[in-house]
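# Working through the structure, step by step
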Amino acid sequence: MRGRSGGAANTLEGMADSPVRMRPEIAALPAYKQGRQAVADGYKLSSNENPFGPLVEIVEAVARAEVNRYPDATGPALRAKLGGRFGVTAQQVHLGAGSVALLSQFLLAVCEPGSEVVYAWRSFEAYPGLVTVAGGTSVQVPLTAEARHDLDAMAAAVTDRTRAVIVCSPNNPTGPSVGAAEFERFMSRVPSDVLVLLDEAYVEFVRDADAVDGSRLIGRWPNLVMLRTFSKAWGLAGLRLGYAIGPEHILDAARAVAVPLSVTGQAQLAGLVALDHEDLLLARVADIVETRTRLVDGLRDLGFAVPDAQGNFVWLPLGERTAAADDVFHDHGVVVRAFPGDGLRISIGERESVEHVLKAAAAL
Ligand SMILES: Cc1ncc(COP(=O)(O)O)c(C=O)c1O
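Residues numbered from 1 in each chain as written. Predicted model: local features only at pLDDT ≥ 70, side-chain atom pairs only at ≥ 80, totals over all residues. Heavy atoms only, no water.

As annotated in an unreviewed UniProt entry, the protein carries the name Histidinol-phosphate aminotransferase and is attributed to Amnibacterium soli. Reading the Subunit (unreviewed entry) entry of the UniProt record for the protein gives the comment "Homodimer." (UniProt positions renumbered as here; feature names shortened; annotations may be inferred.)

What follows covers the environment of G303. Within the secondary structure, G303 is located in the loop between helix 10 (278-301) and strand 9 (313-316). Sequence separation of G303 and A97 is 206 residues, and the distance between their C-alpha atoms is 40 Å. (Helix = DSSP H or I, 4+ residues; strand = E, 2+ residues; numbered from the N terminus.)

Topologically, P71 is positioned in the loop between helix 2 (56-64) and helix 3 (76-86). On a C-alpha basis, the gap between P71 and A253 in space is 21 Å, while along the polypeptide they are 182 residues apart.

In sheet architecture, strand pairing relies on hydrogen bonds along the backbone and comes in two forms, parallel and antiparallel. Strand order in the open sheet formed by 3 strands is 9-12-11, with antiparallel pairing between adjacent strands. Each edge of the open sheet carries a strand with a single partner, namely strand 9 and strand 11 (337-339). Sheet twist, expressed as the average angle between the axes of neighbouring strands with direction ignored, equals 20 degrees. In this structure, strand 11 lies alongside strand 12 (residues 343-347), joined through 3 bridges in antiparallel fashion. Paired with F339 across the strands is G343, a residue of strand 12. Along the sheet face, helix 11 (residues 322-331) touches strand 9, strand 11 and strand 12 and points at about 30 degrees away from the line of strand 12. (Pairing = 2+ DSSP bridges. Axes fitted to C-alpha atoms, helices over the stretch in contact; angles between N-to-C directions. Contact = heavy atoms within 4.5 Å.)

Per the UniProt record, "modified residue: N6-(pyridoxal phosphate)lysine" (unreviewed entry) is found at K232. Mapped onto the elements of the fold, K232 is located in the loop between strand 7 (224-229) and strand 8 (242-245). Beyond its immediate chain neighbours, meaning those up to four positions away, K232 contacts S47, N48, N50, A201, Y202 and F205.

Our focus in this paragraph is the state of the cysteines. What the rule picks out here adds up to 0 disulfides. As a non-bridged cysteine, C111 has C168 as the owner of its nearest cysteine sulfur, 18 Å distant. C111 gets classed as buried once you look at its relative accessible area, which sits at 11%. (Disulfide = S-S within 2.5 Å. Buried < 20%, exposed > 50% of the residue type's maximum accessible area, 1.4 Å probe, protein only.)

Looking at the assigned domains, one finds that the protein contains domain 1 (34-53 + 279-363) and domain 2 (56-276). Distance between the C-alpha centres of domain 1 and domain 2: 24 Å. The interface is formed by 21 residues belonging to domain 1 together with 23 residues belonging to domain 2. Buried area between domain 1 and domain 2, summed over both chains or domains, comes out near 2,000 Å², and the portion from carbon and sulfur atoms is 59%. For the domain 1 face of the interface with domain 2, the top three residues by lost area are L281, Q310 and F313, together amounting to 29%. Counting the contacts that link domain 1 with domain 2 gives 2 salt bridges. Here R122 makes a salt bridge to D342, at a shortest N to O gap of 2.6 Å. Our enumeration of links across domain 1 and domain 2 arrives at 10 residue pairs in polar contact (both at pLDDT 80 or more). Every element with two or more residues in the side of domain 1 that touches domain 2 is listed here: helix 10, strand 9 and strand 11. Tallying contributions element by element places helix 10 first for the side of domain 1 that touches domain 2, with 6 residues. Class assignment of the residues belonging to the side of domain 1 that touches domain 2 gives a composition of 10 nonpolar, 6 polar and 5 charged. (Domains from an automatic or database assignment. Buried area = accessible area lost by both parts, 1.4 Å probe. Salt bridge = Lys/Arg side-chain N within 4 Å of Asp/Glu carboxyl O. Polar contact = N/O pair within 3.5 Å; in protein donor to acceptor, adjacent residues only side chain to side chain. Nonpolar A, V, L, I, M, F, W, Y, C, P; charged D, E, K, R; others polar.)

All chains considered together, the criterion is met by 1 cavity of 30 Å³ or more. Considered as a void within the structure, the largest cavity measures approximately 50 Å³ in volume. Looking at the lining of the largest cavity, you find at least three residues from each of domain 1 (34-53 + 279-363) and domain 2 (56-276). (1 Å grid on protein atoms, 1.4 Å probe; cavity = no way out; pocket = protein on both sides within 12 Å on 5 of 7 lines; lining within 4 Å. Points joined across faces, edges and corners; volume = space filled by probe spheres on them.)

Where helix 4 (residues 99-110) contacts helix 8 (residues 248-257), the axes come no closer than 8 Å and their chain directions differ by 100 degrees. One finds that helix 4 runs roughly perpendicular with respect to helix 8. Residues Q105, F106, L108 and A109 of helix 4 pack against I250, L251, A253, A254 and V257 of helix 8. Residue classes in the contact of helix 4 with helix 8 are distributed as 8 nonpolar, 1 polar and no charged. (Parallel < 35°, antiparallel > 145°, perpendicular 65-115°, else oblique.)

Applying the stated criterion across every chain, the model contains 9 aromatic pairs. Here the aromatic rings of Y202 and F313 are separated by 4.9 Å at their centres, their planes lie at 75 degrees, and the arrangement is edge-to-face. Linking Y202 in the loop between strand 6 (195-199) and strand 7 with F313 in strand 9, this pair joins segments that are 111 residues apart in sequence. Note on accessibility: Y202 and F313 belong to one class, buried. Where F230 meets Y243, the ring centres are 5.7 Å apart and the plane angle is 55 degrees; that geometry is what we call tilted. Of the two residues, F230 is situated in the loop between strand 7 and strand 8 and Y243 in strand 8; the sequence distance between them amounts to 13 residues. Judged by its relative accessible area of 5%, Y243 falls in the buried class. Members of the aromatic cluster, each reached through a chain of ring pairs, are F86, F230, W234 and Y243. (Phe/Tyr/Trp six-rings, centres within 6.5 Å; stacked < 30°, edge-to-face > 60°.)

Here it is, written out as structure tokens:
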């Protein structure tokens, strides 16, 4: 094809070293690394996805969306419905294109150069990049020996430079939930002008009766925002839909920095239908939890030190053996997420994936 100028086709060859100046901290950021894609006839257990396909009703709702029209920007119907479920007003609910978009918005809203954001480490791999992009500095507080949040150390890490704390419960990728009582103690120690983001992406999979549940804490603190997603338990990862519940004034700041119109009409319709079929979807979650129990028991029987698993994934703390173990799983047709030097995360997938995972684990 000829270029518009009528000359030869343009090419980007030789432009690898473009002189355009970037923010140095952005140029230094590693690109977001997705989990490996599936292997043929294997199991993709690398992205904490839901193994169940969408309900017919959801497929139909998505097909009904008018894709030639822009979506209703703020999703009023879905916000009202979620508000009704959680006993808040629609203005106390904010939708995002996945909860990762919401995390980004809140951090952009509170950070300025020199701001610090405290979170546990290791935790969700997107946190460091989101903090940097927002112009903040990460303060990573090591997990305990049981791979749990150390909330006392996190509270102690808060300084007058801290603008936000992220608490991930259950923690991705290690699995344990934060306890309800320890979270309340933690909240009483964090100054009320520091935003606390309670990231509950996997809360529907929790079976620990002592775990924190953000929905019971709504209205308790003026600086607490709960983040949830339709990606995991609700099986809508590909449609990108998450929501935040918290004080209106904080949500307004996130709305102000949001990329307009990024929550699609399809996502909004699918979310509405999913909420109407909660019983069915939560039965699937129960199925996944049962599979989780079988996998955790099997791995522990093999001698692995698996931390408490409350999400739709399990953690194998393999340290330096991680990269080699990743290859063994891959050779067995099981795609997992490796964090070299630290451990492997295995998502809970199809029931029949368990025997393949255990076979690979036995081969390690
Ligand atoms: C802890 C945690 N928070 C948030 C997200 C973002 O999920 P989404 O953007 O699909 O809602 C993930 C996804 O893996 C996650 O693990």
